[in-house]
Structure formats: C-alpha cells, structure tokens
Amino acid sequence: MEIYLDANATTPVLPAAQQAALAAMADGFGNPSSIHGSGLKARFLVDQVRASARRVLGAPTGQLFFTSGATEGIHTSVLSALSELRRRRDAGECAAQALLYGATEHKAVPQALHHWNALLGLDLPVLAIPVDGNGRHDLAWLRAQAPKAGLVCTMAANNETGVISDLDGIADALRGSAALWLVDGVQALGKLSLQLIERRIDYAPFSGHKFYAPKGIGLLYVRAGAPFTPLLTGGGQEAGWRGGTENIAGIAALGAVLSAWEAGDLFQPPAALAAHRAQLVQALRESFPGLVLNCGDAPCLPTTLNFAVRGVGSRLLLDLFDAAEVRVSGGSACSAAKAEPSYVLQAMGLPEWQTQAAVRLSFGALDGPEFIAAACARLRRCGQVLRARGLSSESPAQAYAPPLVTRMQHGSACCYLLADGDSGECIVVDPVAELVEPITRWLHGRHLALRAVLCTEEAPAIDAAAWRLREATGRCRAGTGPAHAWSADADRPVLAGHELIVLPGLPRGRQAWGLRQDAKLRYVLAGDLPQSAAPTRMPWLDHWAALGAVSGTLLLPRADGAGLFAARLGAAGSASTCMGDDTAVMLDGAAATALLAQGAGLWVDVREAHERDVQVPGRGIAASRSVPLSGLLSALPQWLEQEVHTPVVFYCRSGNRSAQAARALRRLGHASAWSLAGGLALWSAPAVDCSPESVA
Ligand code: PLP
C-alpha cells in the first residue's frame, strides 16, 4: 500500500467528488450561461456549490467566484489591489509607499507582487514581513510599516511548516491603515474556521486540489466594497468577475467535497487529527535519533509535520521514504526539484543544517487510524534500515562489505573512498569539507578505520578537510592512524586485492595514485581530467605504462560536473571524456518488458542499498544486481571487460541515476548500456520478488 503523506502538495480526489465530476460531464454538461434546460441545470449546480462554499468559509456577503486555483486567485487579488493603488496615486490621494508580504508566503505571492508592480508601473518597494523563530509574523514590525503599506499579504497557514498565522493580531496591527489585505487561505480550507465575514480581509484565494477536489478548480473571495479588476474578461461569466465558461466538472467535484465537510461525518474530527499527529511524531522520534521538529511552539495545522534529522540529508530521507512507498516532500512541492534549502525555514532563522535537511510530512483529514498506524509502521521500518545501514547516528550491529571504490560528490567535487572490508581499512582521496560528516558516518557504519587521507593536489581546502576528517574519525578502529599524506617510500597498502601505488610524472603540486591488480593499473586518481571530447594526450602517461597503465585503465576525476564518472585510457595513451547522446540510453517500458521476457540483459539496480532494503516486498525487478551509483566505479571494469557484449539495463527510482550510469558506461565503450525510462515510478511490468545478488 502506498502511504501518501504529501497532502499539502495535493490531495487525492474524494470518491464522491470523482462521481460528481463524472455525473456533471455525463448529465450536467450544459453551459451555465445558456437559458435552456441543460444550461439551467448547470447554473443550478454552480449556485448550489457557491452557497455551500459561502457557508464553509463564513462569507455570506462579498463576491465568491470560481477560478482555476489559488495562483489565479492570488494574481487577481494583486492586480485588483495594485490597480486601485495606481488609481489612488494618479488621483493624488494618499499614496502607498510599500507592498508587504510575509517572508514565508508561497512563492506565488511575491511573484505576483513583483509582476503587477512592474507591469502597472507602480514600482513600489516590495518588502518581506519578518517572521520569528516559530514562523509567525513580526507584528511590531508590521504595525510600524502599516501606515505606509498599500497591500499586505499574509497566509492563513504555512504550506511547509503548517504554522498558523495570528490573523487577529495582523488585523489589529493593520487597524487604521488604508492597506488592502490578502489572506492566502489555501492550507486553511477544511482545516481552520476562517469566518471571512468577521475579519476585514479583502481577498482570500483557495485551491480545490489541496482539499480533495481535482486540480484546476479554486475559489476567490473578495470582500464587498473591496477594489476589483478582473484578470480575465470575456463572456461575462461569474457576473463579469471572471470570464470564461465555468469548469462545471471541477465545480461539481468541489461541491461534493464541501457537502461532505458540511455533513461532518466523513472527515476526521480535530481531536483525532491531533492524535494522529502525536502518533506520527512518536514514530519519527523513535525511528530517527537526532530528529528535530521545525515549527517550534507555534500553533500548527495538526496535519503538517516538518522535521530534520541531524546528519541525515533530506535527499537521502526522501529517496528512502519513496523506496518504501511513503510519499513525502522536502519542503513545498514547487521547490522539490530544486534541492535548495527551504526559504521558509531560513526566514525563521533556523540553523543551516535544518533548512537543508527539512522533510515535510502532511496527511489529510480523510486519513483514518488504520492508515496512520500503517504509516507509523512504515516509518519505523525506514528508521530500522537507516540504522542497520549505519546511516544514522547509531552504530549498526552488522557491517556490510564496502565496494573497493565509493564515490561521494558535493557539487562537482568528487571524493573517493578506497576500502578493504577484510582488513577493515579505508583510504580517502580528496575530501571536501561538506563531505567530512557523511564520510565519517559511512566509515562508522561499515566499521572501517581510516588509514590515510590522500590529496591529488596541494590545495588549502582539501588540506583543511583532510585534517577535519582525521579529527572526526578519531573514534575509528585503531590502525596505523591516519596519515595526512602518503609518500612514495611508504609501504604499499593492498585494498581488496589492489595495490595502491604512487604514480610519478605529474607537475609540481599535483599527485597521482593508482590501484593496481595483476600488474594492471585498474584505476588512476590524478585530480582534474582534461575536459575535452577529443582524445587528449597526457605527457605523463609514458611514465605510467611501466607501472601497469593499459588501454582501459580508468581515470577518476577530482571534479565531475558533467557526470562522466571516469575516462578510459585509449590505446595511444590518450584519454577521452567525450559525452554520448543523452536520449539514446533510454529504454521504454515496452522494450524493457520484452527484454525481461527473453530473460536477456543484466539488470542493475543503482539505488543505494538502504532504498533497496525498504522496498515493499514484490516490487522491483527480479534477479537484478545491486550496484548503488556511489559504488558504480567498482563494477565498471567487469562490465567493460567480461560483460561488454551483454545488454546492461540500469534502473532506479525515477530514471535519473540510472541514466547517469548508462551514459557513463556507454561513454566508456559499452555499446548496449540502457536506463529504464521513468524508473520504478513508472514501471508496471509484473512485479516479481527481488532477490539481490549484491556485488557492491
Ligand atoms: N498558496 C499556498 C499556501 C499553497 O500551498 C499553494 C500550492 O502549493 C498555492 C498558493 C498555489 O496553489 P495552486 O496550486 O492552486 O495554484
């Protein structure tokens, strides 16, 4: 069962709403502007739903009309307010000096402010209202700015943290000000009693898809007497407030949700929601040591939980949860793809690590106790796997065998961990400060002692990171103790059958290291590689030939923004880092199913081991091999030498990491490397038991 915990991004559509939409399309498809029977039926429906919305929102007066969603409602409100401010300015009336919005507002608000401010030629300063550490507006600041404000925008509840704004406090701070007031009610719909009529709110946009209606339907409330300029003019629909034929199916669906809410017997009552939240918090705290909640003591929507786990990045948690079919997000859905720190948490002044590691879990008012119990169980399983894999602050009981070469990346900077499971030792090459903590945890989780830190270049930043790593790993198993540098005279350690040697010939200030097996250099770590599509001759290669450099030796770059992974020495002692055609590696579902049916190909799961561990039984692809992308380099020689004629199909969660792996393998000379397009997220071939044959 999928555990959907991302209700603040969007909710599923209530079954009754689906039926209402279908019925509206089948029988109620008339145009509400038509005066015949079909039109009148549609008009009746629109009026019924509007009446229901008025009751739910506490808006018996003022305009309440249907939009496509909240972004449209926000733009309409801002256009209306700013048109009025321009009229006042042009009429010589008391002119506004600033436009204000809460610093944690949804991006649609400041974007709309900047857009219309420029387009209407107002050019007023647009200022963010600061929030305190709990995410609540600084009312003293607002009170001081209110006299010169033209429009004030504050959300009713925050989409990332669930923090509920003090609307009465804001109203009080605005007392006596001529400013217009927009309240983004998106996250409050169905969760808070807004009673719009009792407040001096001028504009309040809402969105259906955040409350069990489909996408593409929303509402905008405009207080009676508040200035208004339509965003869309047209055939006079919605009394001329919003042109365009009404979205009858969407309105019908929204109507079904509002009716259910009014009936009061479908959605969980507030006390149950609070109990569900408490259960989830407890499960999270038990499962993830070092967890902190990101909403302080402020009143919060009971359905939203924003947290961070010290030392565990949000990317890792999101991948882990998604593999376990627990759908959460790392902040707002709109910023999910950007992997940037949360601006909401930054505005609250939370420590950097919390803003970067934030995870948002939001459930819905339809989710009952059984669902919450299942969610808690799944979260606990995720925590167990994280601990077992040594990725939490706790030491795992069992140490999993590390691959010979693991690559960690920060931005384009690559750091290599050369490990030997038998001796329990690891050599780290080119660490950077940001990776010190993950490397330390990685070593700790595999019960590995740090034997040495090597640098391919004399750079102060690497040097500093090397020393920090040495300090941070002080708890590692006693060995020879980390050496900061390695000299040619030092003994030659052997790691998983590979001898580590110093390679001569590089210019002053640079250093190269090689991993040699059976007199052949398998890997060379020599710092930056030439960034060229054409084979580039490297003068020092002649020196290395005597030490085992052969055609096929893999060169591992220190910086790899392009995702090359490695370059391969050519026959003439040159290396090429040429890029392949990106789209050519995609294998669509039908082709993948056909290949599987033939029993052909080598199937490789490039998700990290913890993702595979939490996978719901019966999912995934049978008889696939597990080679996490971080350990890809360890498997490359085998694919390029022994399995060069076997199609290799990589897969992962979304198709992103597998495409990187497939492109890397293609570029290095394997003609039949593929990536399952869309990853497991789109994979619908018969699910079979996954029996990992781990090579990494
Ligand atoms: N405001 C808030 C607080 C939101 O959470 C969202 C959606 O994430 C929006 C506005 C935009 O809503 P819509 O998707 O309906 O345009």
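Residues numbered from 1 in each chain as written. Predicted model: local features only at pLDDT ≥ 70, side-chain atom pairs only at ≥ 80, totals over all residues. Heavy atoms only, no water.

Turning to the overall build of the chain, a few remarks are in order. Looking only at helices and strands, the chain features 20 helices and 30 strands. Seen through its C-alpha atoms, the chain measures out along the principal axes to roughly 90 × 60 × 50 Å. Going through the 696 residues of the chain one by one, you find that 55% of them count as buried. Long-range contacts, defined as pairs at least 24 residues apart, comprise 70% of the intrachain contacts of the chain with a sequence gap of at least 6. (Helix = DSSP H or I, 4+ residues; strand = E, 2+ residues; numbered from the N terminus. Buried < 20%, exposed > 50% of the residue type's maximum accessible area, 1.4 Å probe, protein only. Contact = heavy atoms within 4.5 Å.)

Here we take up the sheet that holds strand β12 (residues 359-362). For sheets, the rule is that strands pair by backbone hydrogen bonds, running either parallel or antiparallel. Read from one edge of the open sheet, 3 strands run β9-β10-β12, paired in antiparallel fashion. Of all the strands in the sheet, just β9 (291-293) and β12 have a single pairing partner and so form its edges. Put simply, the sheet's adjacent strands are angled 35 degrees from each other on average, direction ignored. One ladder, built from 4 bridges, connects strand β10 (residues 304-309) with β12; its direction is antiparallel. Directly across from Asn 306, in β12, lies its bridge partner Arg 360. Sheet contacts for helix α8 (residues 270-287): β9, β10 and β12; angle to β10, the most-contacted strand, approximately 10 degrees. Each of β10 and β12 touches helix α9 (residues 314-323); the most contacted strand, β12, lies at about 40 degrees to it. (Pairing = 2+ DSSP bridges. Axes fitted to C-alpha atoms, helices over the stretch in contact; angles between N-to-C directions.)

Turning next to helix α19 (residues 656-667). Its 12 residues place the ends of α19 17 Å apart at the C-alpha level, agreeing with the 16 Å of an ideal helix rising 1.5 Å per residue. Turning to α19, its buried residues number three or more, namely Arg 657, Ser 658, Ala 659, Ala 661, Ala 662, Ala 664, Leu 665 and Arg 667. Looking at the packing, one finds that the buried side of α19 touches α9, β25 (586-587), α17 (609-614), α18 (632-641), β28 (648-651) and β29 (673-676). At the C-terminal side of α19, Gly 669 shows a positive phi close to 120 degrees. (Expected span 1.5 Å × (residues − 1).)

Glancing now at the domain arrangement of the chain. If you check the domain split of the chain, you get domain 1 (15-263), domain 2 (269-388), domain 3 (405-576) and domain 4 (586-682). The C-alpha-based centres of domain 1 and domain 4 are spaced at 47 Å. (Domains from an automatic or database assignment.)

With that settled, consider the packing of aromatic side chains. All told, the structure shown has 9 aromatic pairs when counted by the stated rule. Taking the centre distance of 5.7 Å and the plane angle of 80 degrees together, the rings of Phe 65 and Phe 228 count as edge-to-face. Pair noted here: Phe 65 is in strand β2 (residues 63-67) and Phe 228 is in the loop between β8 (218-222) and α7 (248-263), with a separation of 163 residues, a long-range link. Aromatic pair Phe 211 and Phe 267: ring centres 5.2 Å apart, planes at 25 degrees, arrangement stacked. Here Phe 211, found in the loop between β7 (203-207) and β8, pairs with Phe 267, found in the loop between α7 and α8; they are 56 residues apart in sequence, far enough to count as distant. Residues Phe 211 and Phe 267 agree in their burial class; the two are buried. Connected via pairs of aromatic rings, a cluster forms that spans Phe 65, Phe 228 and Trp 241. (Phe/Tyr/Trp six-rings, centres within 6.5 Å; stacked < 30°, edge-to-face > 60°.)

A few words now on the site of the ligand. Near the ligand there are 13 residues, and of these Ala 70, Thr 71, Asp 184, Ser 207 and Lys 210 occur at the shortest range. Between the ligand and Gln 187, the relevant distance is 2.9 Å, taken from an oxygen atom to a side-chain nitrogen or oxygen of the residue. When the free accessible area of the ligand is taken as 390 Å², the share hidden by the protein chains comes to 87%. Considering every element that reaches the shell around the ligand, the biggest residue donor is helix α3 (residues 70-90), with 3 residues. Class assignment for the residues of the shell around the ligand results in 4 nonpolar, 7 polar and 2 charged. (Near = heavy atom within 4 Å. Polar contact = N/O pair within 3.5 Å; in protein donor to acceptor, adjacent residues only side chain to side chain. Areas by Shrake-Rupley, 256 points an atom, 1.4 Å probe, with all protein chains shown as cover. Nonpolar A, V, L, I, M, F, W, Y, C, P; charged D, E, K, R; others polar.)

Residues Leu 317 and Phe 321 are the most contacted members of the largest nonpolar core, which totals 89 residues. When residues of this core are assigned to their parent elements, the largest contribution, 10 residues, is made by α7. The residues that make up this core include at least three from each of domain 1 (15-263) and domain 2 (269-388). Residues in contact with Phe 321, not counting those within four places in the same chain, are Phe 288, Phe 307, Val 326, Val 328, Val 359, Leu 379 and Cys 382. One finds Leu 404, Val 585, Val 648 and Ala 661 within the second-largest nonpolar core, a separate group that totals 40 residues. (Core = buried A, V, L, I, M, F, W, Y, C linked by side-chain atoms within 4.5 Å.)

Turning our attention to the sheet that holds strand β13 (residues 405-410). In space, the 4 strands of this open sheet follow the order β13-β14-β15-β16, with mixed pairing throughout. Edge positions in the open sheet fall to β13 and β16 (449-454), since each of these has one partner strand only. Looking at each pair of strands side by side, their axes are set apart by 20 degrees on average, direction ignored. Pairing analysis gives 5 bridges linking strand β14 (residues 413-420) to strand β15 (residues 425-429), with the strands arranged antiparallel. Its bridge partner being in β15, Leu 417 is matched across the sheet by Val 428.

What follows is about α9. Within α9, 9 of the 10 residues are buried, which leaves the element mostly enclosed by the surrounding structure. Along α9, the positions that sit buried rather than exposed are Ser 314, Leu 316, Leu 317, Leu 318, Asp 319, Leu 320, Phe 321, Asp 322 and Ala 323. In the stretch just after α9, Glu 325 is the one whose phi turns positive, near 60 degrees.

One pass over the structure, following the stated rule, counts 32 salt bridges. Measuring nitrogen to oxygen at the nearest pair gives 3.6 Å for the salt bridge that ties Arg 89 to Asp 90. For Arg 653, the salt bridge identified is with Asp 322, shortest N-O distance 2.7 Å. Of this pair, Arg 653 sits in the loop between β28 and α19 while Asp 322 sits in helix α9, placing them 331 residues apart in sequence. The class of Arg 653 is partly exposed, set by a relative accessible area of 23%. On the basis of relative accessible area, Asp 322 is assigned to the buried category, the value being 17%. A single salt-bridge network, built from bridges that share partners, covers Glu 2, Arg 315, Asp 319, Asp 322, Arg 327 and Arg 653. (Salt bridge = Lys/Arg side-chain N within 4 Å of Asp/Glu carboxyl O.)

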